[in-house]
Amino acid sequence: MPRFSPVLRTRPGEAELRSVDLIPTWLIAGAFAIGMIVRAANPADVPALMALQLESPAAAQWSRAQYEAAFSHAGPQRVVLVIEDEHGAAGFVAALAVNHEWEIENLVIAFASRRRGLATRLVRELVETAQQEGAAMLLLEVRESNRTARAFYEKLQFTEIGRRPGYYHQPEEDAILYRRELK
Ligand SMILES: CC(C)(COP(=O)(O)OP(=O)(O)OC[C@H]1O[C@@H](n2cnc3c(N)ncnc32)[C@H](O)[C@@H]1OP(=O)(O)O)[C@@H](O)C(=O)NCCC(=O)NCCS
């Protein structure tokens, strides 16, 4: 995705670290995902992105072709950010970046890496990128029963704005729509 920096941040949370020097290391690691980097994904990441989605049934299940299309210049513009440690990708977020309304299409964190702030970092980076690109709002839809994702988005100041009855299939379920203004 040439319009976006390939490495968004190499040292997460440095400012926060300086202000919390007295907090135990394990707590800092949990709070700020130390050692993780967030970067723009590229076509070589497709197998890792697919492996992450496969271990998360609640995530949108894209085909390989859909991932490859996300990196193509032919279709609508997408931003895919990956968060990784020394072992490789631990999660990613994919967003449709159209005009002033960006839409989160997928967000997955590896099961073993959850509840350590990784998704929070990814979405914060996405928000910063969207703001820099002049987006006015970030939208998304999520299964009504996905309480984990809804709690996550609500913590990150996304507001419920509506519902699409029967939007999802297998099983059929309503989609809940969320929006976050980007000011
Ligand atoms: C939803 C998901 C991306 C969250 O990733 P994560 O890295 O664990 O999230 P974070 O650690 O940044 O959590 C931030 C906050 O979200 C909320 N949250 C996250 N997981 C939660 C859970 N299982 N139950 C309740 N609240 C939760 C909490 O408020 C949490 O803050 P806290 O840990 O200080 O209480 C992850 O659970 C996931 O990959 N789920 C499967 C795929 C999915 O549903 N994707 C969304 C499709 S739209």
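Calculation criteria
- Residues numbered from 1 in each chain as written.
- Predicted model: local features only at pLDDT ≥ 70, side-chain atom pairs only at ≥ 80, totals over all residues.
- Heavy atoms only, no water.
- Near = heavy atom within 4 Å.
- Polar contact = N/O pair within 3.5 Å; in protein donor to acceptor, adjacent residues only side chain to side chain.
- Helix = DSSP H or I, 4+ residues; strand = E, 2+ residues; numbered from the N terminus.
- Expected span 1.5 Å × (residues − 1).
- Buried < 20%, exposed > 50% of the residue type's maximum accessible area, 1.4 Å probe, protein only.
- pLDDT = per-residue confidence, 0-100.
- Contact = heavy atoms within 4.5 Å.
- Salt bridge = Lys/Arg side-chain N within 4 Å of Asp/Glu carboxyl O.

(A) Region of interest: the site of the ligand. By nearness alone, 19 residues border the ligand, and Leu 107, Arg 115, Gly 117, Thr 120 and Asn 146 come closest of all. Taking Ile 109, its main chain carries an N or O atom lying 2.9 Å from an oxygen atom of the ligand. Within the backbone of Arg 115, an N or O atom sits 2.7 Å from an oxygen atom of the ligand. Listing elements by their share of the shell around the ligand, those giving two or more residues are strand E5 (101–109), helix H5 (118–132) and helix H6 (147–155).

(B) Representation of H5 in the model. Helix length check: H5 (15 residues) gives 21 Å between terminal C-alpha atoms against 21 Å at 1.5 Å per residue, within 8%. Of all the 15 residues making up H5, eleven are buried; the element is thus mostly covered by neighbouring parts of the structure. For H5, the complete set of buried residues consists of Leu 118, Ala 119, Thr 120, Arg 121, Leu 122, Val 123, Glu 125, Leu 126, Val 127, Thr 129 and Ala 130. Of the residues flanking the end of H5, it is Gly 134, one or two places downstream, whose phi is positive at about 85°.

(C) Spotlight on the confidence of the model for the chain. For the chain, per-residue confidence averages 85 on the pLDDT scale, and residues scoring 70 or more make up 82% of the total. Scored below 50 in pLDDT, residues 1–31 makes 46 contacts in the model with residues more than four places away or belonging to other chains.

(D) The arrangement of the pattern of salt bridges in detail. Throughout the structure, instances matching the rule amount to ten salt bridges. A salt bridge links Arg 121 to Glu 125, with the shortest nitrogen-to-oxygen separation between them at 3.3 Å. Within this pair, Arg 121 and its partner Glu 125 are both found in helix H5, separated by four residues, close to a single helical turn. As far as the burial class goes, Arg 121 and Glu 125 line up, both buried. Measuring nitrogen to oxygen at the nearest pair gives 3.0 Å for the salt bridge that ties Glu 144 to Arg 163. Of this pair, Glu 144 sits in the loop between strand E6 (137–143) and H6 while Arg 163 sits in strand E7 (residues 159–168), and the two are 19 residues apart along the sequence. Taken together, the salt bridges that share partners define one network made up of Arg 39, Asp 45 and Glu 84.

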